[in-house]
Amino acid sequence: MTAVETQITYSNSYTIQHEEAYMIQEDDWDRDLLLDPAWEKQQRKTFTAWCNSHLRKAGTQIENIEEDFRNGLKLMLLLEVISGERLPKPDKGKMRFHKIANVNKALDFICSKGVKLVSIGAEEIVDGNVKMTLGMIWTIILRFAIQDISVEETSAKEGLLLWCQRKTAPYRNVNVQNFHISWKDGLALCALIHRHRPDLIDYSKLRKDDPIGNLNTAFEVAEKFLDIPKMLDAEDIVNTPKPDEKAIMTYVSCFYHAFAGAEQAETAANRICKVLAVNQENEKLMEEYEKLASELLEWIRRTIPWLENRVSEQTMRAMQQKLEDFRDYRRVHKPPRVQEKCQLEINFNTLQTKLRLSNRPAFMPSEGKMVSDIANAWKGLEQVEKGYEEWLLTEIRRLERVDHLAEKFKQKCSMHEAWTAGKEDLLSQKDYETASLMEIRALMRKHEAFESDLAAHQDRVEQIAAIAQELNNHRGGLRVEKLWETIDQLYLEFAKRAAPFNNWMDGAMEDLQDMFIVHSIEEIQSLITAHDQFKATLPEADKERVATLGIHNEILKIAQTYGIKLSGINPYTTITSQDITTKWDTVDSRPMRDHQLSQESLIFDNKHTNYSMEHIRVGWEQLLTTIARTINEVENQILTRDAKGISQEQLNEFRASFNHFDRKRNGMMDPDDFRACLISMGYDLGEVEFARIMTLVDANNTGVVTFQAFIDFMTRETAETDTAEQVMASFRILASDKNYITVDELRRELPPEQAEYCISRMTRYIGADGPSGALDYISFSSALYGESDL
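The model shown is predicted, which means the values in this text are computed figures rather than measured ones. (Residues numbered from 1 in each chain as written. Predicted model: local features only at pLDDT ≥ 70, side-chain atom pairs only at ≥ 80, totals over all residues. Heavy atoms only, no water.)

Engineer: In this structure, what is going on with the overall build of the chain? I would like to understand it.
Structural biologist: When helices and strands are tallied, the chain shows 28 helices and seven strands. Counting only residues that meet the buried cut, the chain has 44% of its 790 residues in that class. Within the chain, counting contacts between residues at least 6 apart in sequence, those at least 24 apart form 70% of the total. (Helix = DSSP H or I, 4+ residues; strand = E, 2+ residues; numbered from the N terminus. Buried < 20%, exposed > 50% of the residue type's maximum accessible area, 1.4 Å probe, protein only. Contact = heavy atoms within 4.5 Å.)

Engineer: How should the state of the cysteines be read in this particular structure?
Structural biologist: By definition, a disulfide is the covalent link that joins the sulfur atoms of two cysteine residues. Inspection of every chain in the model, using the stated rule, returns zero disulfides. Distance from the sulfur of Cys758, which forms no disulfide, to the nearest cysteine sulfur (Cys273) is 8.1 Å. (Disulfide = S-S within 2.5 Å.)

Engineer: Help me understand the packing of helix 3 (residues 73-83) against helix 6 (residues 130-144) in this model?
Structural biologist: Between helix 3 and helix 6, the least distance of the axes is 11 Å, while the angle of their chain directions is 10°. Taken together, the axes of helix 3 and helix 6 are roughly parallel relative to one another. Crossing hand, helix 3 versus helix 6: right-handed. Two secondary-structure elements touch here, helix 3 through Leu75, Leu79, Ile82 and Ser83 and helix 6 through Met136, Ile140 and Phe144. When the residues that make up the contact of helix 3 with helix 6 are grouped by side-chain class, the tally is six nonpolar, one polar and no charged. (Axes fitted to C-alpha atoms, helices over the stretch in contact; angles between N-to-C directions. Parallel < 35°, antiparallel > 145°, perpendicular 65-115°, else oblique. Left-handed = near helix turned anticlockwise from the far one by under 90°. Nonpolar A, V, L, I, M, F, W, Y, C, P; charged D, E, K, R; others polar.)

Engineer: Please clarify how the environment of Asp210 should be interpreted in this entry.
Structural biologist: Mapped onto the fold, Asp210 is located in the loop between helix 8 (187-196) and helix 9 (211-225). For Asp210, a relative accessible area of 27% corresponds to the partly exposed category. Separated by 23 residues in the primary sequence, Asp210 and Leu187 place their C-alpha atoms 9.4 Å from one another.

Engineer: Looking at this structure, how should I read the nonpolar core?
Structural biologist: In globular proteins that are soluble, nonpolar side chains generally tend to be buried together. With 78 residues, the main nonpolar core has Trp50, Ile140, Trp183 and Phe255 as its most contacted residues. With residues up to four places along the chain from it excluded, the contact list for Ile140 reads Trp50, Leu75, Leu79, Ile82, Ile110 and Ala145. Core analysis: the second largest hydrophobic core is formed by 29 residues, Leu285, Leu323, Leu381 and Ile396 among them. (Core = buried A, V, L, I, M, F, W, Y, C linked by side-chain atoms within 4.5 Å.)

Engineer: What's the story with helix 6 in this structure? I'm lost.
Structural biologist: Given 3.6 residues to a turn, an α-helix orients residues that are three or four positions apart in the same direction. Helix length check: helix 6 (15 residues) gives 21 Å between terminal C-alpha atoms against 21 Å at 1.5 Å per residue, within 8%. In terms of burial, helix 6 is largely enclosed, as 14 of its 15 residues are buried. At the N-terminal end of helix 6, a side-chain oxygen is found 3.1 Å from the backbone nitrogen of Lys131, two or three residues along, and the residue is Asn129. (Expected span 1.5 Å × (residues − 1). Polar contact = N/O pair within 3.5 Å; in protein donor to acceptor, adjacent residues only side chain to side chain.)

Engineer: Quick question: what am I supposed to make of empty space enclosed by the protein here?
Structural biologist: Unfilled space is identified by rolling a water-sized probe across the atoms. What the rule picks out here adds up to two cavities of 30 Å³ or more. Considered as a void within the structure, the second largest cavity measures approximately 30 Å³ in volume. Together, Trp183, Leu189, Leu215, Leu232, Ile237, Ile248, Tyr251 and Val252 line the second largest cavity. Broken down by element, the residue count for the lining of the second largest cavity peaks at three residues, all from helix 11 (residues 245-308). Its residues assigned to classes, the lining of the second largest cavity shows eight nonpolar, no polar and no charged. (1 Å grid on protein atoms, 1.4 Å probe; cavity = no way out; pocket = protein on both sides within 12 Å on 5 of 7 lines; lining within 4 Å. Points joined across faces, edges and corners; volume = space filled by probe spheres on them.)

Engineer: Please explain the side chain of Asp672 as it appears in this structure.
Structural biologist: Counting through the fold element by element, Asp672 comes out in helix 22 (residues 671-680). Given the relative accessible area of 13%, Asp672 is considered buried. A polar side-chain atom of Asp672 sits 2.6 Å from a polar atom in the side chain of Arg675.

Engineer: How should the pattern of salt bridges be read in this particular structure?
Structural biologist: A side chain with one charge may pair with a side chain of the opposite charge, provided their charged atoms come close. Summed over the entire model, instances satisfying the criterion amount to 37 salt bridges. Of the charged contacts in the structure, one is a salt bridge between Arg44 and Glu66, with a shortest N-O distance of 2.8 Å. Of the two residues, Arg44 sits in helix 2 (residues 37-55) while Glu66 sits in the loop between helix 2 and helix 3, which places them 22 residues apart along the sequence. Judged by relative accessible area, Arg44 falls into the partly exposed class, the value being 27%. Residue classification places Glu66 among the buried residues on the basis of a relative accessible area of 10%. Residue Lys205 is joined to Asp202 by a salt bridge in which the shortest nitrogen-to-oxygen separation is 3.8 Å. (Salt bridge = Lys/Arg side-chain N within 4 Å of Asp/Glu carboxyl O.)

Engineer: Would you mind showing me how to read the packing of helix 25 (residues 724-734) against helix 28 (residues 777-784) here?
Structural biologist: Packed helices, taken two at a time, are described by their axes: the angle between them and the distance between them. At their nearest, the axes of helix 25 and helix 28 sit 9 Å apart, and the two run at 150° to each other. Comparing their axes, helix 28 and helix 25 come out roughly antiparallel. For the element pair helix 25 and helix 28, the recorded crossing hand is right-handed. On helix 28, the residues that touch Ala724, Val727, Met728, Phe731 and Arg732 of helix 25 are Tyr777, Ile778, Phe780, Ser781, Ser782 and Leu784.

Engineer: What am I meant to see in the confidence of the model for the chain here?
Structural biologist: Fine structural detail should not be taken from predicted coordinates in areas where pLDDT scores are low. Per-residue confidence for the chain gives a mean pLDDT of 77, with 76% of residues at or over 70. Ignoring residues within four places in sequence, the model shows residues 1-34, a span with pLDDT below 50, making 82 contacts including any to other chains. In this model, residues 514-520 is a region of pLDDT below 50 whose contacts with residues beyond four sequence positions or in other chains number six contacts. (pLDDT = per-residue confidence, 0-100.)

Engineer: Hey, could you run me through unusual backbone geometry in this one?
Structural biologist: Backbone geometry at Arg665 places phi at a positive 55°, although glycine is not the residue there. Secondary-structure assignment places Arg665 in the loop between helix 21 (648-661) and strand 4 (668-669). If you check the backbone angles, Asn701 has positive phi at about 55° while not being a glycine. Relative to the elements of secondary structure, Asn701 occurs in the loop between helix 23 (687-697) and strand 5 (705-706).

Engineer: Looking at this structure, how should I read the environment of Gly121?
Structural biologist: The topology assignment puts Gly121 in the loop between strand 3 (116-118) and helix 5 (122-126). According to the relative accessible area criterion, Gly121 is buried, its value standing at 16%. Between the C-alpha atoms of Gly121 and Asn104, which are 17 residues apart in sequence, the distance is 7.7 Å.

Engineer: For this particular structure, what's the right way to read a nonpolar patch on the surface?
Structural biologist: A cluster of nonpolar side chains, namely Trp620, Leu623, Leu624 and Ile627, defines an oily patch on the protein surface of about 390 Å² accessible area. Here Trp620 lies in helix 20 (residues 613-644). (Patch = residues over 30% accessible without salt bridge, like charges linked within 9 Å, V, L, I, M, F, W, Y side chains within 5 Å. Areas by Shrake-Rupley, 256 points an atom, 1.4 Å probe, with all protein chains shown as cover.)

Engineer: Explain the packing of aromatic side chains to me, please; I cannot follow it from the model alone.
Structural biologist: Two numbers describe a pair of aromatic rings. These are the distance of the centres and the angle of the planes. Inspection of the entire model under this criterion finds 28 aromatic pairs. Seen in terms of ring centroids, Phe731 and Tyr777 are 5.9 Å apart; in terms of plane orientation they differ by 25°. Their pairing is stacked. On the criterion of sequence distance, the pair formed by Phe731 in helix 25 and Tyr777 in helix 28 is long-range, its members being 46 residues apart. One exposure class covers both Phe731 and Tyr777, and it is buried. A network of ring pairs unites the aromatic residues Trp299, Trp306, Phe326, Tyr329, Trp378, Tyr388 and Trp391 as a single cluster. The ring of Phe690 has Arg675 lying over it, and the distance from NZ or CZ to the ring centre is 4.8 Å. (Phe/Tyr/Trp six-rings, centres within 6.5 Å; stacked < 30°, edge-to-face > 60°. Lys NZ or Arg CZ within 6 Å of the ring centre and 35° of its normal.)

And the structure:
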């Protein structure tokens, strides 16, 4: 934007020139062209008091504003005090040219700060021109006091006005619209004081119809408790139709700077409290992770030996108890540990996200407690667990077979013993010696029949021997043809039961599908009734299904036990166990119940799939874990967004401030408007700090500040993100710019918990400039963001 020179005319011969354009109201021009005597009186008193509030820091003061600045010495001293910079060495002579040289040094310093003085020279000041002197002092106040950063009267004025409006908005009978009549009743000044120091004024007792009393109350309280000298007279303000703006602005600016320091300390304390709260929360999460990781690893360490113990019990009952114990482990003991493992990973990820967002280093758990360590330990647990289950099932099958063979052996032996009973006595008889021919022939036929019977029983004897052999070595020795005969019988039995059950399921599926092709409420109600009746038949149907599939599983068990390779085709039916299972899942999806029933029936195998209910259970646990991890990732993304985000109330305030100073209504502010915007929001900025901020909001040096850049800056200012340097700066404010801080200062400025937290962790300050017991806040701030125990 091309710089347009605008002028604030203070008198016919006095002009202050600014390089940036801003709006000037017509009455400002008129007022400055002809300075009202009442306003001149107010300015003399206010400007004199303002100058003395700074000169007293150098041990001096002025009595007459146009006389005491004539030699330039106190003028140069005033500029040094308020700027904190050294001016050139003044001339010590008392001649006129010495005085002019000193005043010129002061005017040159003012110009070096961006203010161009036009039509004013040192001669007018040396000659005691009151209007010129007042105009020069006003220029100094604008530059160094009214926000200490701006040379644009209008921008500084609006920023200060907006600050006053925001601070006094909640108060009754206060409506700050300007810097003249809005302050005549004294309530605005009292409201400003009460807003920041409610202990100094009881605002509820103030009356609007007592302006003199209100003003004097504000003046006295400000002078006694806020170190703001009395710069105005209550009577002059009340009795003047329109008090002087420059006098009021100068006085009000003192309140801004007085309270800006207090707000700065409060802001610093709040920042430190937030940082410490973040650290304390992070420490708590670290401790919880370590504790949970230790407990989980200890549980895994205790559980693995139990699962590795493969000593077989001698009875089926004892082995079934082991299986039941394993089921309890799976159903009762392990699920909470699965949740703990998942929660551990979630806590770890959340902690790392929070550390990253708060500029802390990543969390490193104790040795052996990394997430990867826990994952490896868990993997080892599940591998041992899987082997344990396979061993249990194998042993149960073996004992089941042994029990079955023992019972079979006992039954066959009993039958054989019953058959052999009396046979030996019969064979030992010699009745043939006295028998006739006919009787001998009869005995021979009887013997032939016995031999035939004996030959038949020979197979049974061999079966008994084979069973005995298998009982000895737990391996089958039955003849293959007998096994195939058994399998064939089982195939036939399966076919007989599968056909009607399959037909029932086909009908059931048709009935269930009818629920979705109806046209009236009556039809729906009828089908609901039928469906209720159908559900009542499910338990009985389930028993039939289990029995039918049990036949199939018996076939598979025989084949597996004796190493018989099946073709997979049932010669008596085309219905397979998979057909039954698939249709049943459609009719009633209850795989967990089916699994329990099959386990209790000692049915463990299904040739049609490699997947067991254990696979499903493990998959389900993995799904739940994955869902939990996904939710945690989303929560961490929200956490990241919120950490960089702002509340709706803050956004509304930022938008309103931006819109107010977006004078061209093009979504951008120029640097001076941006500076005024920050002023209105309570920022007390110097040139160096403002230049630093501009590099953030206008990195490409475009000369404008967009709304997005403004929001990004305010987000960084208001978000909980912080740095060690920011924390050090906050502690420095609480320590009154010292390199150390005392225990008393910490306890005075911070809440008890945070104060004691700092006291217990800060190391002693070792500098020579610190008193005994001083604490090192610099190393403490660095430790908050580095590798430490904090």
